[in-house]
Amino acid sequence: GAVVSQHPSRVICKSGTSVKIECRSLDFQATTMFWYRQFPKKSLMLMATSNEGSKATYEQGVEKDKFLINHASLTLSTLTVTSAHPEDSSFYICSANIAGGPETQYFGPGTRLTVL
Amino acid sequence: QKEVEQDPGPLSVPEGAIVSLNCTYSNSAFQYFMWYRQYSRKGPELLMYTYSSGNKEDGRFTAQVDKSSKYISLFIRDSQPSDSATYLCAMSLNSGYSTLTFGKGTMLLVSP
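For clarity, every value in this text was computed on a predicted model and none was experimentally measured.

Caption draft 1: Main features of the nonpolar core. Counting 25 residues, the largest nonpolar core has Val4, Trp35, Phe67, Leu79, Tyr92 and Leu113 of chain A as the members making the most contacts within it. Those elements that place two or more of their residues in this core are strand 2 (10-13), strand 3 (19-25), strand 4 (32-38), strand 5 (44-51), strand 7 (67-73), strand 8 (76-81), strand 9 (90-96) and strand 11 (111-115) of chain A. Residues within four places of Leu79 of chain A in sequence aside, it is in contact with Val19, Lys20, Ile21, Trp35, Phe67, Leu68, Ile69 and Tyr92 of chain A. Core analysis: the next-biggest nonpolar cluster, separate from the first, contains 24 residues, Leu21, Met48, Ala63 and Leu108 of chain B among them.

Here it is in structure tokens:
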């Protein structure tokens, strides 16, 4: 149980284009989903928290106009990296809480974004 | 002082050894404590989840929380090469969907 999927697992795009990453909770409903960024050999950096049906809450220093988050349903959240640049290349990971479940997070497998 | 301190390692042990991984923290308000295992280029996998002080055992894994010392540990018995990964400690403040504060992770290498 508590499986979170992400799509795509890997994406390569040209500078200036936009990329959408999907995060789905497969066997549970997730009222809250989280988006993280991870650099090589570094820990997870929380980017934003999204609640179904409401605007995402962004961490300090994260550009909300660049990293668009939509949490349209209890099982789906999307992160769109707009006008991507090489410095946006990173490993993006989502996680989700089980609605009504324990206070922990279940993580997706991550998406490797490379911007050329 | 960082909120959560964790030695990055790498920690190298032979197969079958008992492994001890630790984190210290500064915020006494943390109540929920987790250990995640992350393989290279994969998302973190929840291993253990504990609330407040005490011990919790699951198979070869034992998690300990000492809130008075602000110190948490993960013990791995009979370590296997497949345990080679980065182990992240994480903690949160209170019930509800609060954010997690992570340690930087300890890389563990178990040699056959």
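Past the structure itself, the notes keep going.
Caption draft 2: Highlighting the pattern of salt bridges. As enumerated under the stated definition, the model contains five salt bridges over all chains in all. In this structure, the salt-bridge partner of Asp88 of chain A is Lys66 of chain A, at a minimum N-O distance of 2.9 Å. Note that Asp88 of chain A is positioned in the loop between strand 8 and strand 9 and Lys66 of chain A in the loop between strand 6 (57-58) and strand 7, a separation of 22 residues in sequence. Among the residues examined, Asp88 of chain A registers a relative accessible area of 4% and is labelled buried. Using a relative accessible area of 12% as the deciding quantity, one classes Lys66 of chain A as buried. Between Glu45 of chain B and Arg37 of chain B there is a salt bridge, with the nearest N and O atoms lying 2.9 Å from each other.

Caption draft 3: How the structure looks around the pairing of strand 11 (residues 106-111) of chain B. All names here are of chain B. With burial as the criterion, only one face of strand 11 is covered, namely that bearing Thr106, Leu108 and Val110; the residues Met107, Leu109 and Ser111 on the opposite face remain uncovered. Bridge analysis of strand 2 (residues 11-14) against strand 11 gives four bridges, and the strand direction is parallel. Within strand 11, the position partnered with Pro14 by the bridge is Ser111.

Scoring rules and cut-offs
- Residues numbered from 1 in each chain as written.
- Chains lettered and ligands numbered in written order.
- Predicted model: local features only at pLDDT ≥ 70, side-chain atom pairs only at ≥ 80, totals over all residues.
- Heavy atoms only, no water.
- Core = buried A, V, L, I, M, F, W, Y, C linked by side-chain atoms within 4.5 Å.
- Buried < 20%, exposed > 50% of the residue type's maximum accessible area, 1.4 Å probe, protein only.
- Helix = DSSP H or I, 4+ residues; strand = E, 2+ residues; numbered from the N terminus.
- Contact = heavy atoms within 4.5 Å.
- Salt bridge = Lys/Arg side-chain N within 4 Å of Asp/Glu carboxyl O.
- Pairing = 2+ DSSP bridges.

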